[in-house]
Amino acid sequence: MNGIRLSIFDLFKIGPGPSSSHTIGPMRAARDFSAEAARLGDETLSRAARIEVSLFGSLAATGRGHGTVRAVLAGLLGMEPENCPPEFLDDLAADPDRVREIAIGPARLTFSPTSVIFDTERRDIPHPNTLAFRLLDAGGHGLFEKEYYSVGGGFVQWKGFEPPARGEPQYPYATMRGLREQLDTYGPGLARLMLENESAVTGASEVEVMAGLDTVLGVMEASVRNGLAAEGVLPGALGLHRKARTLLTRSGSKQREADRFIAELCACAFATAEENAAGHVVVTAPTCGAAGVVPAVAHVMRGRLGLSEQSIREGLLAAAAVGFLAISNATIAGAEAGCQAEIGVASAMAAAMLAQGMGLGARAVENAAEIALEHHLGMTCDPVGGYVQIPCIERNAMGAVKAYAAYVIASVALPAHHKVGLDEALKTMLETGRDMCAKYKETSRGGLAVNIANC
């Protein structure tokens, strides 16, 4: 039986916002191109004069607002998402017209704003997030080129891409139904199954996996706390004010406890989403654009609900299971299926995390995830001005609230009466995304992006 061979840390990647497909993916692609070019040899590199980058599809349509150019430049300068300081990206953004020198072996190459071509006309692209790098000589003749596809969540592929060789999962599954069968047959429990599969696939010890989960949860919590402490206007032309701190402080004046809880949950989601919009470090969960949902829920699990760190870790493992199924059977890319693939999947992951962390069984975990995803079906991706701000930030808050509601419904309903499975919801999401008009898939050519002024 063929099983999912993804690593938990393929899904939960640490890096700068505002968009995993438009910043983390392109940065990885640029870093890979630089490394590939360095292996060409001194004879070829001695003739190299400059690098040219073409952006297609959604990258061309919204790459300016999403910070794609600075991400590409950072990658060419040797940065990787996990260790790229936000200050480095801020410096690149502060002087976007500067001609930069990029060193690849003996070559000293120039890179300027004119080095990036926003090709919005080409239609015959393998993926909506396609970008191509070319190494050119002084006469503009090509010495080396490579095409990449930023497929969502910071994942990058290219022509001839082969997944990295990995071990066989201890409990192989490809669908939610297959996962249920493994749980019913061998009974390790969902969190334990995910943990043992991670070790089998990657070779990491249980101690190493748990330490990795703690790192991810630590970065998530830091993004919430940093966002709650920050004030001011977010970068970009929209002039959007941060709201997270205001939501949190003003929620204290609410007389109804239920209102205070919802306001705090929303404030936490705003906090990380605003940090992402500022280009600061977040965790893809499953993407940067949806990075506020899971951290907000984890924060209230820790604080408001008083759950132990072990319960939250186990919840994160359940969230990973849902993310794996979405990646393997549908998509997590807004450019492919709209915001249902980003906020919808994030909400499903957060609902599963809550259900698992609160000690519910695997069927209730699935039901919580399915309910959350089902009620995001059809959601378009229509970022105003190409920025991951309106409506993205508020959608993170709504995704967190729906995740909590989905968990509550699943916790009190009778599992046997639930009619829709997660597999069916994921299939429906993919089909809906394929039917969705292209202008509603992260192009800023439809929806709110054209019906409100760019502030």
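Everything quoted here is computed from the prediction, not taken from an experiment.

A. Seen up close, the overall build of the protein chain. A tally of helices and strands in the protein chain yields 19 helices and nine strands. In terms of overall size, the protein chain behaves like a compact globule, its C-alpha atoms giving a radius of gyration of 22 Å where 455 residues would be expected to give roughly 23 Å. On the principal axes, the C-alpha backbone points of the protein chain span a range of 70 × 55 × 40 Å. A buried classification covers 57% of the 455 residues belonging to the protein chain. Counting only contacts in the protein chain whose residues sit at least 6 apart along the sequence, the fraction spanning at least 24 positions is 77%. Per element, the accessible surface of the protein chain, about 18,100 Å² overall, is 51% carbon and sulfur. When the 41 positive and 50 negative side-chain charges of the protein chain are each reduced to one mean point, those points stand 4 Å apart.

B. Region of interest: unusual backbone geometry. In the segment running from Gly17 into Pro18, the intervening peptide bond is cis, with an omega of 15°. Secondary-structure assignment places Pro18 in the loop between strand E1 (14–16) and helix H2 (20–38). Along the chain, Ala285 connects to Pro286 via a cis peptide bond; the corresponding omega equals 5°. In this structure, Glu442 is a non-glycine residue whose phi angle is positive, near 60°.

C. The arrangement of the nonpolar core in detail. Membership of the largest hydrophobic core comes to 104 residues, with the highest contact counts inside it found for Phe12, Tyr173, Met194, Met220 and Leu316. When we break this core down by domain, the ones giving at least three residues each are domain 1 (18–158) and domain 2 (176–440). If we ignore the near neighbours within four places in the chain, the residues touching Met194 are Ile8, Tyr173, Leu317, Ala320, Ala321 and Phe324. Core analysis: the second largest hydrophobic core is formed by 34 residues, Phe33, Ala37, Leu45 and Leu55 among them.

D. Region of the structure containing helix H6 (residues 86–94). Looking only at H6, the buried set comprises Pro86, Leu89 and Leu92. In a view along the axis of H6, the buried residues occupy a sector of 120°, so they form one face of it. In H6, the exposed positions angled more than 90 degrees off the buried face are occupied by Glu87, Asp91 and Ala94. Buried residues along H6 sit against E1, H2, helix H5 (68–76), strand E3 (100–104) and strand E9 (281–283).

E. View of the UniProt feature "domain: Serine dehydratase beta chain" (unreviewed entry) in the protein chain. Mapped onto the present numbering, the UniProt feature "domain: Serine dehydratase beta chain" (unreviewed entry) falls on residues 7–159. Annotated as residues 7–159, this span is 36% helix and 32% strand, and its ends, taken at the C-alpha atoms, are 22 Å apart.

F. Quick look at the pairing of strand E5 (residues 116–119). Alternating positions in E5 separate cleanly, Val116 and Phe118 being buried on one face and Ile117 and Asp119 remaining unburied on the opposite face. Of the strand pairs in this sheet, strand E2 (residues 48–56) and E5 are connected by four bridges, and their pairing is parallel. Paired with Val53 across the strands is Val116, a residue of E5.

G. Local environment of the packing of helix H11 (residues 257–277) against helix H17 (residues 392–412). Following both chains from N to C, one finds H11 and H17 inclined at 140°, their axes separated by 8 Å at the closest point. When the axes of H11 and H17 are compared, the pair comes out oblique. The interaxial crossing formed by H11 with H17 has right-handed handedness. The segment H11 lies against H17, with Phe261, Ile262, Leu265, Cys266, Ala269, Phe270, Ala273, Glu274 and Ala277 engaging Ile393, Glu394, Asn396, Ala397, Ala400, Val401 and Tyr404. Considered class by class, the residues forming the contact of H11 with H17 number 13 nonpolar, one polar and two charged.

H. Seen up close, the environment of Val53. Position of Val53 among the secondary structure elements: in strand E2. A sequence separation of 79 residues divides Val53 from Ala132, and the C-alpha atoms of the two residues are 5.6 Å apart. Setting aside anything within four residues of it in sequence, one finds Val53 in contact with Val72, Phe111, Ser115, Val116, Ile117, Ala132, Phe133 and Arg134.

I. Up close: the layout of surface pockets. What the largest pocket holds in volume is close to 820 Å³. Lining the largest pocket are 31 residues, and of these Leu6, Phe155, Val156, Gln157 and Phe161 sit closest to its centre. Within the residue set of the lining of the largest pocket, elements represented by two or more residues are H2, strand E7 (142–152), strand E8 (155–158) and helix H13 (309–329). With five residues, H2 is the largest single contributor of residues to the lining of the largest pocket. Mapped onto the domain boundaries, the lining of the largest pocket takes at least three residues apiece from domain 1 (18–158) and domain 2 (176–440). Roughly 630 Å³ of volume is contained in the second largest pocket.

J. Local environment of the domain arrangement of the protein chain. Per the domain assignment, the segments making up the protein chain are domain 1 (18–158) and domain 2 (176–440). Spacing between the C-alpha centres of domain 1 and domain 2 amounts to 30 Å. Taken together, the contacts link 19 residues of domain 1 with 21 residues of domain 2. Here domain 1 and domain 2 share an interface that buries about 1,400 Å² over both sides, 64% of which is from carbon and sulfur atoms. The largest per-residue losses of area from domain 1 upon contact with domain 2 belong to Pro18, Gly65 and Pro86, which jointly make up 32% of the total buried on that side. Put simply, domain 1 and domain 2 have zero salt bridges between them. Between domain 1 and domain 2 we count four residue pairs in polar contact (both at pLDDT 80 or more) in total. Of all elements in the fold, only H2, helix H4 (57–66), H6 and E7 reach the threshold of two or more residues within the side of domain 1 that touches domain 2. Ranked by the residues each element gives to the side of domain 1 that touches domain 2, the list is headed by H4, at four residues.

About the criteria used
- The numbering scheme is per chain: residues are counted from 1 as the chain's sequence reads.
- Only residues with pLDDT of at least 70 get local features here, since the model is predicted, and only at 80 or more are side-chain atom pairs given and counted; chain-wide, interface and lining totals rely on the full set of residues.
- Heavy atoms throughout the structure, all of them, feed into the side-chain values; hydrogens and water do not.
- Elements are defined by DSSP. Helices are runs of H or I of four residues or more, strands are runs of E of two residues or more, and each kind is numbered from the N terminus.
- Each radius of gyration is computed over the set of C-alpha atoms, and the globule rule expresses the reference value as 2.2 Å times the number of residues to the power 0.38.
- Partly exposed residues are those whose accessible area sits between 20% and 50% of the maximum for their type, while under 20% is buried and over 50% is exposed, using a 1.4 Å probe and protein chains only.
- Contacts between residues were defined by any pair of non-hydrogen atoms, one from each residue, lying within 4.5 Å.
- Under the convention used here, a 1.4 Å probe and the Shrake-Rupley method define accessible areas, while residue burial counts only the protein chains that appear.
- Counted as positive: Lys and Arg. Counted as negative: Asp and Glu, with His and the chain ends omitted from the count.
- By convention, the point assigned to a charge is CZ for Arg, NZ for Lys, CD for Glu and CG for Asp.
- Working definition of a nonpolar core: buried Ala, Val, Leu, Ile, Met, Phe, Trp, Tyr and Cys residues. They are joined through side-chain atoms within 4.5 Å.
- Domain start and end points were adopted from an automatic or database domain assignment.
- Working note: the arc is built from the helix axis to C-beta atom directions.
- UniProt positions are given in the numbering used here, feature names are shortened, and annotations may be inferred rather than shown by experiment.
- We call two strands paired when DSSP finds no fewer than two bridges between them.
- Each axis is a line fitted through C-alpha atoms, and for a helix only the stretch in contact is used; angles between axes span 0 to 180 degrees, taken between their N-to-C directions.
- An angle below 35 degrees is treated as roughly parallel, one above 145 as roughly antiparallel, one from 65 to 115 as roughly perpendicular, and anything else as oblique.
- For any pair of crossing helices, the crossing counts as left-handed if the nearer helix is rotated counterclockwise from the farther one by less than a right angle, and right-handed if it is rotated clockwise.
- Classes in brief: Ala, Val, Leu, Ile, Met, Phe, Trp, Tyr, Cys and Pro nonpolar; Asp, Glu, Lys and Arg charged; the others, Gly included, polar.
- The pocket and cavity definitions rest on a 1 Å grid over protein atoms only: a 1.4 Å probe that fits but cannot leave marks a cavity, an open set with protein on both sides within 12 Å along at least five of seven lines marks a pocket, and residues lining either have an atom within 4 Å of a point.
- Grid points are joined across faces, edges and corners, and a volume is the space filled by probe spheres set on the points.
- Buried surface area refers to the total accessible area, computed with a probe of radius 1.4 Å, that the two partners give up upon joining, counted for both partners together.
- Salt bridge criterion: a side-chain nitrogen from Lys or Arg within 4 Å of a carboxyl oxygen from Asp or Glu.
- Under this definition, polar contacts are N or O atom pairs within 3.5 Å; protein pairs additionally need one hydrogen-donor-capable and one acceptor-capable atom, and for neighbouring residues in sequence, both atoms have to be side-chain atoms.

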